[in-house]
Amino acid sequence: MTDLTSFIAGLPKAELHVHHVGSASPRIVAELAARHEGSSPVPTDPAALEKYFEFHDFAHFIEVYLSVVDLIRDAEDIRLLTYEIARELSRQQVRYAELTVTPYSSVRRGIPAPAFCEAIEDARAGARRDFGLELAWCFDIPGEAGLPSAEETLRIALEQRPDGLVSFGLGGPEIGVPRPQFKPYFDKARAAGLHSVPHAGETTGPETIWDAIRELGAERIGHGIAAAQDERLMAYLAEHQIPLEVCPTSNLRTRAVADLAEHPIGRLVAAGVPISVNSDDPPMFGTTLEQEYAVAAGLLGLDTAGVAELARDAVRHSFRSDAGKAELLAEIDAYHENYG
Ligand SMILES: O=c1[nH]cnc2c1ncn2[C@@H]1O[C@H](CO)[C@@H](O)[C@H]1O
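Only a predicted model underlies this, so the values are computations on that prediction, with no experimental measurement involved.

**Some words on the pairing of strand β2 (residues 94-101)**
Burial runs high along β2: eight of the eight residues are buried. Across six bridges, the pairing between β2 and strand β3 (residues 134-142) is parallel. If you follow Val101 over to β3, its bridge partner there is Phe139.

The following block contains the structure:
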């Protein structure tokens, strides 16, 4: 282990962009696939699963993602999945995580909204009790399912309003799914006190990010790497301190970027755009949050002080309480001071 790798491993962290089903470990996916063998294309064998998680492009990724979503059939699956995600995050010294969950997908498959919310909240209590990890939820609209899914996601968010819910998002494909159509739903979610965190500029250009800001009131942007193509947008993000949640390996694996060396993270940081580094769908992309910190450190030329600052930025950009932020920032400071 290099010095930087071991520094990253022990560093207390916050994770701001990680998808619920996309965080299912190969063991959990295999277990669920075995339970539903015959009715699902998802392989149960780990080597075959690794191959299944090789994506030709973003559309293929979403197709595979939804086949894994389809394995989750009841509230007990949700509870197990969420608790196991918390275990893995805490293993990486994650103290606070905003998990993007898509209640629409589960409710559509027959899990009632109250049972879904009860299951994630149970796991949240377990994560705090057993792992010292604070979980929060971003309820996202699966863009490919259109306006009915927006309506339903908003309804679930407002009617159930689980304690951990902090934000409202929009995921899935961007091509053919213009952001402005979702404005009424984001308006209502924001009026109810939820933060706005849509995906934008992952697979389409800077105009989608402008739409996310102007129409959806985005306070943070999921991915947003296309901002690097627009100087005026980068200046705007810097001036208004709208952070991007950057997930380098995800962009490589969905082929949003051809090569990590071409990843725009360096240009974004040089332009003063606030960023955090995140893992997105770690097992599906063969990565971890620790690995994303290492990748970012390589691309940005960071030493331990730079990596500690990256971890602080994620805390600062989070929707955690001020007291929670202060506690985690102090923990990062102490770790950095005492290291080595
Ligand atoms: O990188 C990503 N970009 C967009 N959506 C994603 C990504 N990873 C997982 N999802 C998930 O894809 C589903 C279908 O819309 C949603 O559940 C969304 O959360």
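Next comes the rest of the write-up.
**Some points on the UniProt feature "domain: Adenosine deaminase" (unreviewed entry) in the protein**
Residues annotated in UniProt with the feature "domain: Adenosine deaminase" (unreviewed entry) correspond here to residues 12-334. Helix and strand shares over residues 12-334 are 51% and 14% respectively, and the end C-alpha atoms of the span are 10 Å apart.

**Re the sheet that holds β3**
In a beta sheet, neighbouring strands are held together by backbone hydrogen bonds and run either parallel or antiparallel to one another. Pairing in this open sheet of eight strands is parallel, and the strands run β1-β2-β3-β4-β5-β6-β7-β8 from one edge to the other. Since the sheet does not close on itself, it has two edges, and those belong to β1 (13-19) and β8 (275-277), each with one partner. Averaged over all pairs of adjacent strands, the angle between strand axes in this sheet comes to 25°, irrespective of strand direction. As paired elements, strand β5 (residues 195-200) and strand β6 (residues 221-223) share two bridges and run parallel to each other. In the sheet register, His199 faces β6, and the bridge partner there is Gly222.

About the thresholds
Residues numbered from 1 in each chain as written. Predicted model: local features only at pLDDT ≥ 70, side-chain atom pairs only at ≥ 80, totals over all residues. Heavy atoms only, no water. Buried < 20%, exposed > 50% of the residue type's maximum accessible area, 1.4 Å probe, protein only. Helix = DSSP H or I, 4+ residues; strand = E, 2+ residues; numbered from the N terminus. Pairing = 2+ DSSP bridges. UniProt positions renumbered as here; feature names shortened; annotations may be inferred. Axes fitted to C-alpha atoms, helices over the stretch in contact; angles between N-to-C directions.

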